[in-house]
Amino acid sequence: MSGLLEGKRLLITGVLTDASIAFSTAKLAQEAGAEVILTGFGRLSLVERTAKRLPKPVPIIELDVSNKEHLDGLADKVREHVDGLDGVVHSIGFAPQSCLGGGFMDAPWEDVATAVQVSTYSYPALAKACAPLMAPGSGIVGLTFDATVAWPVYDWMGVAKAGLESANRYLALHLGKDGIRSNLVAAGPLRTIAAKSIPGFDQFEEEWTKRAPIKWDLHDTEPAAKAILALLSDWFPATTGEIVHVDGGFHAIGA
């Protein structure tokens, strides 16, 4: 991937540990010539430790996507390090435990609202915050988990991801006039911290290893990261509103 992103400036959210898709994205982006800025929230010390494993040092900006002040001030924070952005990676999702693991019918609205705000609304909110820094040809890429069907134990996070996929199409519509692209990568199950927080997530893992036409590695985040970076490169100049599946082909196979 050497030179694929030469000179590009990327803002990458969601790096917590080196097992995350976001970490692989940041690592490969630097190796491909990009300048990377990370955001983190809550466990910033952990983000800082993880960032030290990247090939080059990176600035880290504190960002809580549910905090309007953080979003309103993001562009100025980014300008302290670069004069613009060519790409933004949204790798953010959260749902309270009541919204996962089979409790779909019992989850209270307060918890559902949190899941939707953090996992769905934050995507266009982040795009809006970064848009002043982005020129024609730039792009934003988010992460989803195929929301065309209902998954056991995924519950309200599945609903939030369905909303994310719809929001992606609307972002493509509204950002297109400015030449900014919006796309999603639908990755298969990976053993990240986010996955470990979902009770019963091993059900997905078992199915993928059995049914994916191309062998699926539950620990390999690089295929998803490469898809993200390809979408942010100059090789997809007319692709927007798209969902690219990086799941070993599982989505194409019937029961």
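Residues numbered from 1 in each chain as written. Predicted model: local features only at pLDDT ≥ 70, side-chain atom pairs only at ≥ 80, totals over all residues. Heavy atoms only, no water.

Per an unreviewed UniProt entry, the protein is named Enoyl-[acyl-carrier-protein] reductase [NADH], and its organism is Catenuloplanes nepalensis. Recorded under Pathway (unreviewed entry), the UniProt text for the protein is reproduced unchanged: "Lipid metabolism." As stated in UniProt under Catalytic activity (unreviewed entry), the record for the protein gives "a 2,3-saturated acyl-[ACP] + NAD(+) = a (2E)-enoyl-[ACP] + NADH + H(+)". (UniProt positions renumbered as here; feature names shortened; annotations may be inferred.)

S.K.: Can you walk me through unusual backbone geometry in this structure?
M.R.: Trans peptide bonds make up the majority, and among non-glycine residues the majority have a negative phi. Positive phi values are uncommon outside glycine, yet Val-153 reaches one of about 70 degrees. Inspection of the secondary structure assignment puts Val-153 in the loop between strand S5 (134-144) and helix H6 (155-175). Residues other than glycine seldom take positive phi values, yet Asp-155 does so here, at roughly 45 degrees. Within the secondary structure, Asp-155 is located in helix H6. (Helix = DSSP H or I, 4+ residues; strand = E, 2+ residues; numbered from the N terminus.)

S.K.: Is there a simple way to explain empty space enclosed by the protein in this structure?
M.R.: It is a probe the size of a water molecule, rolled over the atoms, that shows where empty space is left. Counted under the stated rule, the structure contains 1 cavity of 30 Å³ or more. What lines the largest cavity is Phe-145, Asp-146, Trp-151, Ala-186, Ala-187, Trp-208, His-245, Asp-247, Phe-250 and His-251. Its residues placed into classes, the lining of the largest cavity shows 6 nonpolar, 2 polar and 2 charged. (1 Å grid on protein atoms, 1.4 Å probe; cavity = no way out; pocket = protein on both sides within 12 Å on 5 of 7 lines; lining within 4 Å. Points joined across faces, edges and corners; volume = space filled by probe spheres on them. Nonpolar A, V, L, I, M, F, W, Y, C, P; charged D, E, K, R; others polar.)

S.K.: Any chance you could explain the packing of aromatic side chains here in plain terms?
M.R.: Summed over all chains, the structure comprises 7 aromatic pairs. Where Phe-145 meets Trp-208, the ring centres are 5.6 Å apart and the plane angle is 40 degrees; that geometry is what we call tilted. Of the two residues, Phe-145 sits in the loop between S5 and H6 while Trp-208 sits in helix H8 (residues 202-211), which places them 63 residues apart along the sequence. Each member of the pair Phe-145 and Trp-208 is classed as buried. (Phe/Tyr/Trp six-rings, centres within 6.5 Å; stacked < 30°, edge-to-face > 60°. Buried < 20%, exposed > 50% of the residue type's maximum accessible area, 1.4 Å probe, protein only.)

S.K.: What is the right way to look at the pairing of strand S1 (residues 9-12) in this model?
M.R.: Regular strands place their side chains on alternate faces of the sheet. With 4 bridges connecting them, S1 and strand S2 (residues 35-40) associate as parallel partners. If you follow Leu-11 over to S2, its bridge partner there is Ile-37. Read from S1 through helix H1 (residues 21-31) to S2, the crossover connection turns out right-handed. Bridge analysis of S1 against strand S4 (residues 85-90) gives 3 bridges, and the strand direction is parallel. In the strand pairing of S4, Ile-12 is matched with Val-89. (Pairing = 2+ DSSP bridges. Right-handed = clockwise from strand over helix to strand, strands pointing away.)

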